[in-house]
Amino acid sequence: MLREPNRGSQFGWASPGCGVDVALTCGVSLRYGAWVGGSDDGRLVGSGIPDTAWVAAHPERFGLELAGPPPSRRGDEQGEGGAPGAVEGARLGGVAVHEIAEVAGTPTYVYDAEGIRQRLARLRSALGAGKGGVPDPLICFAVKANSALAVLRVLAREGAGADIVSGGELRRALEAGIAPQRIVFSGVGKTDTEIDAAIAAGIRSINIESAEELQRVMARATAADRSVPVSLRLNPDVDPETHPYLATGLRQSKFGVPMVAAVELALRAHRHPNLRLVGLACHIGSQIVDAAPYRESVMHMRRTIGSLRDAGVTLAQIDLGGGLGVAYRPGEPEIDIAAWGRAVRVETDDLGLQLVVEPGRWLVAECGLLLTRVIGRKRGEGAAFVIVDAAMNDLLRPALYEAYHPIVPAHHVDPGASLTIVDVVGPVCESGDFLALGRAMPAVEAGDLLMVLDAGAYGMVMASTYNARPLPAEVLVDQGRWAVTRPRKTTEQLLGDEALPPWLR
Ligand code: LLP
């Protein structure tokens, strides 16, 4: 299934295996711009534009500034390029990534605060203001996409809310300064402890995902003797046309309440003395590039809203979830955010309900990169490898979804440099440990710093300590300033988190 995702463009390659052989035996050499060689293998054909060319043509898309070569590299003291003494290479948010790597080490995630602010502002303007006395749409950042405290603080300062799925995310959102009235709690398996914490914090809405969960929230609300705001998360059975792992609104998926049960459950919630039914919610999937599935979901939700109105129940909000897709490759479709905003407003405005959305990826993916250094190179019989110090434990998306992340050197690359086809792999002992397969890259060598781009969403949050590797460090850059916001733990610190049982000491 994974080898043939139903929207191949964002994820993976049509058929892994032979591309590298062809590339190496044919001696494919690629120039910046369009491909001049390659095979019919899906891995090579891709978008037709190498990462280096995409980034060089649109550095602002990645929040980057690309400096020219310093005189020492150019062998020419006079021409244009980096000033003598200037730090060589790419800058993110006005900060040289080489400097970050020197201080924080690698692998390190770096997030651009200003980029995140600008994305939030774009989304706000796409959604527009509330009409006819209805409050403005509320953007609840899906904390699961990036739960770094510093990132959450940036969003909190801009007035964003949060969509959370655990007690840990609740704690982080509150710590970052996100107002409880702007926090919604989704998730198919909320524990009593988590429900109690949400009730105690006074969040905006607990999004109920099943009849059983409704019972439990009723019990916890009664025990707390509070009036608890809840929404019902519906499963509208809509196909978002994304990677199978990222579809959540299909009837066979574990999320949400089936439409046939919606009205009855909503009425039950409404009638309970300790609950306040404030709205309906849904989240149909992630990495969606078209407004149509959202329209379809609203159409289904409207039916339930109508039935509830007929029963005398008025709601306050309609929550359309997240899922807005970004282009991880040049030319790949991404959501047209202005058109999407118009579409959802057209579909919902007459309801007179406050619109809530829960985007994660769209707000942060493009505002983060993973810095990694080349450990060495290796040529097998069937492939050429660039071995880097970041691995599947640091960025799981390529291994898990065969997801594509652009990878470029942090140093200046001559636009005329020839490219070769390589697999970019980490040191972890699994064949699934790759950051890129069959990727056209300029020659790099041990010690070179690489940037794995569009890694601001679902990067660090999915990292693990597999192979006893410490988690990556994290850095926030903000208009020329920067700070290590999460230092890398030492192996000794990781060992210190554990204890031997008394009888084995
Ligand atoms: N709301 C709910 C209830 C969700 O489950 C999710 C994501 C979101 C909002 C945010 O979706 P977004 O706007 O980020 O697409 N690990 C995967 C993504 C999993 C998304 C899960 N739910 C990846 O790396 O692509």
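What you are looking at is a predicted structure, and each value in this text was computed from that prediction instead of being measured.

Caption draft 1: A look at the overall build of the chain. Summing up its helical and strand segments, the chain has 16 helices and 21 strands in all. Relative to its full complement of 505 residues, the chain shows a buried share of 49%. The long-range fraction of contacts in the chain, counting pairs at least 24 apart against all pairs at least 6 apart in sequence, stands at 69%.

Caption draft 2: View of unusual backbone geometry. With omega at -5°, the peptide bond leading from Thr106 into Pro107 counts as cis. Structurally, Pro107 can be placed in the loop between α5 (97–104) and β4 (108–112). Of note, Glu402 is a non-glycine position whose phi angle comes to about 55°, a positive value. A residue is classified by how many C-beta atoms lie within 10 Å of it, and Glu402, with 21 of them, is buried. With a phi angle near 55°, Tyr458 is a residue other than glycine that sits in the positive phi range. Mapped onto the elements, Tyr458 comes out in the loop between β19 (449–452) and β20 (473–478). A count of 24 C-beta atoms within 10 Å places Tyr458 in the buried class.

Caption draft 3: Structural context of the nonpolar core. Ranked by internal contacts, the top residues of the largest apolar core, which has 140 residues, are Val97, Val110, Leu232, Met451 and Val452. Summarising the domain contributions, this core has at least three residues from each of domain 1 (19–70 + 85–111 + 366–491) and domain 2 (137–359). Sequence-distant contacts of Val110, that is, excluding residues within four places in its chain, are made with Leu92, Val97, Ile100, Gly368, Leu369, Leu371, Val475 and Val477.

Caption draft 4: Structural context of the site of the ligand. The environment of the ligand is formed by 21 residues, the closest being Ala142, Ser286, Gly322, Gly360 and Tyr458. Tallied by class, residues from the shell around the ligand come to 7 nonpolar, 9 polar and 5 charged.

Caption draft 5: Focus on the confidence of the model for the chain. On average, residues of the chain carry a pLDDT of 88, and 87% of them reach 70 or more. Per-element confidence in the chain ranges from a low mean pLDDT of 31 for helix α1 (residues 19–26) to a high of 99 for β4. Low pLDDT (under 50) marks residues 1–47, which in the prediction has 95 contacts with non-local residues, meaning those over four places away or in another chain.

Caption draft 6: The arrangement of the sheet that holds strand β3 (residues 95–96) in detail. Taken together, 3 strands build an open sheet; the order of strands is β1-β2-β3 and the sheet is antiparallel. The sheet is open, and its two edges are formed by β1 (64–66) and β3, each paired on a single side. Pairing of β1 with strand β2 (residues 90–92) involves 3 bridges; the strand directions are antiparallel. Bridge pairing links Leu66 to Ala90 in β2.

Conventions used here
Counting starts from 1 at the beginning of each chain's written sequence and moves along it residue by residue. Where totals are concerned, whole chains, interfaces and linings use all residues; where local detail is concerned, this predicted model gives features only for residues with pLDDT of at least 70, and gives and counts side-chain atom pairs only at 80 or more. Starting at the N terminus, helices and strands are each numbered in turn, a helix being any DSSP run of H or I of at least four residues and a strand any DSSP run of E of at least two. Using C-beta atoms placed from the backbone, we call a residue buried if 20 or more other C-beta atoms fall within 10 Å of its own, exposed if 12 or fewer do, and partly exposed for counts in between. In this description, any two residues whose backbone-derived C-beta atoms lie within 7 Å of each other are considered to be in contact. In this usage, the nonpolar core is the set of buried Ala, Val, Leu, Ile, Met, Phe, Trp, Tyr and Cys residues whose C-beta atoms join them within 7 Å. A domain assignment, automatic or from a database, supplies the domain bounds used here. Nearness rests on one distance test: the residue's C-beta atom, set from the backbone, must lie within 6 Å of the molecule or strand. Charged residues are taken to be Asp, Glu, Lys and Arg, nonpolar residues to be Ala, Val, Leu, Ile, Met, Phe, Trp, Tyr, Cys and Pro, and polar residues to be all remaining types, Gly included. Each residue gets a pLDDT score, which is the predictor's confidence in that residue and runs from 0 to 100. Strand pairing is assigned whenever DSSP detects at least two bridges linking the two strands.

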